[in-house]
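Residue-level structure breakdown
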Amino acid sequence: ALKVGSDPLAMADRRDLLARLLVALDQPKVDGVLAAPDVLEDLLLLGALERRVAIGSMNRGGLPGATWELDDRFTAYDPDAIARGGLDGGKMLLRLALNDPGTAATLEGCARAITSLAKQQLLAMVEPLPACRDPDGTVRISKEPDDLIKVISVASGLGNTSAYTWLKVHVTDDMERVLSATTLPTLLLGGDPGSRPAEVFEGWRRALRLPQVRGLVAGRALLYPPDGDVAAAVAVAAELVHG
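Residues numbered from 1 in each chain as written. Predicted model: local features only at pLDDT ≥ 70, side-chain atom pairs only at ≥ 80, totals over all residues. Heavy atoms only, no water.

Focus: the packing of aromatic side chains
To describe a pair of aromatic rings, you give the distance between the ring centres and the angle between the ring planes. Filter applied, for reference: Any two rings among Phe, Tyr and Trp, with Trp reduced to its six-membered ring, count as a pair given centres within 6.5 Å; such a pair is stacked if its planes are under 30 degrees apart, edge-to-face if over 60, and tilted if neither. Helix and strand assignments follow DSSP, with helices taken as H or I runs no shorter than four residues and strands as E runs no shorter than two, numbered in order from the N terminus. Here's how the labels work: a residue is buried when its accessible area is under 20% of the maximum for its type, exposed when over 50%, partly exposed in between, all with a 1.4 Å probe on protein chains only.
Counted by the stated rule, this structure contains 1 aromatic pair. Arranged with centres 4.8 Å apart and planes meeting at 40°, the rings of Phe-201 and Trp-204 form a pair that is tilted. Highlighted residues: Phe-201 and Trp-204, both in helix H7 (residues 197–207), separated by 3 residues, approximately one helical turn. With a relative accessible area of 1%, Trp-204 lands in the buried category.

Digging into the pairing of strand S5 (residues 123–133)
Consecutive side chains of a regular strand alternate in pointing toward one face of the sheet and then the other. Note the following rule: For two strands to count as paired, DSSP must find a minimum of two bridges between them.
Extensive coverage of S5 is indicated by the burial of 10 of its 11 residues. The pairing of strand S4 (residues 89–97) with S5 spans 9 bridges and is classified as parallel. Bridge pairing links Met-92 to Val-126 in S5. Taken together, the 3 bridges between S5 and strand S7 (residues 165–169) define a ladder with parallel strand orientation. Looking at S7, one finds that Met-125 is bridged to Trp-166. Bridge analysis of S5 against strand S6 (residues 139–141) gives 3 bridges, and the strand direction is antiparallel. Bridging from a neighbouring strand, Arg-133 pairs with Val-139 of S6.

Focus: the nonpolar core
Definition in use: As used here, the term nonpolar core means buried Ala, Val, Leu, Ile, Met, Phe, Trp, Tyr and Cys residues forming a set that is joined through side-chain atoms within 4.5 Å.
Of all hydrophobic cores here, the largest spans 58 residues; its most connected members are Leu-21, Leu-43, Met-92, Leu-179, Trp-204 and Leu-222. Leu-34, Leu-123, Met-125 and Val-217 belong to the second largest nonpolar core, which has 6 residues in total.

Focus: helix H2 (residues 37–45)
The condition is simple: An arc is given here, and it is the one of the directions from the helix axis to the C-beta atoms. By the convention used here, residues are in contact when the closest approach between their heavy atoms is within 4.5 Å.
Looking only at H2, the buried set comprises Val-39, Leu-40 and Leu-43. The buried residues of H2 all sit within an arc of 95° when viewed along its axis, so they share a single face. Exposed and oriented more than 90 degrees from the buried face of H2 are Leu-44 and Leu-45. Against the buried residues of H2 lie helix H1 (14–25), strand S2 (32–35) and strand S3 (53–59).

Next up, the structure:
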């Protein structure tokens, strides 16, 4: 699946973004797309969602650099809108920071969303990230295996059932140990490859061998590759997932 990420500068040109998404969705092995309502609606009008999985982004109220950065309240899709729109599920961000009280509200919001989606037999995709607010207010995200294991354990237990819960997890050097923390089906978080796309792709390749890993959700890594060849980057990732 393709994720439309949150970097406002990389994706500031909406028509360019849509053109890249259309190239990516033209690849037969791409299963679908994850995005906020405005992007999904554009793709729907363009006829690009036929026979594709569509996951709606539900929360990212905590804007980068804001004083409320870790207040990830639900500001986009809610479970009822996902059901009415005929989407396949909803994705929620769970940045868990033990030193920020805003995390408690996010935990509660995610639990309610998971329960509501499950009642309608819709997928709940949870992205658990270990976060910390430094004394100067900066928010850091950890990719340390022990930290990821803790947030995965918390995310797995949210809601009154996990029957429709999938996880979306950062790739680290010790994925086997990290994913031993859950039996839930898991998708790999694509991340930003920067100047090292080959290393990122190899990390995906290794992690995709683990039994509960079902696929990859990538945005900038595929839509904005260093060489500009979207079709080639998507083809490589699709081959990793589907063979």
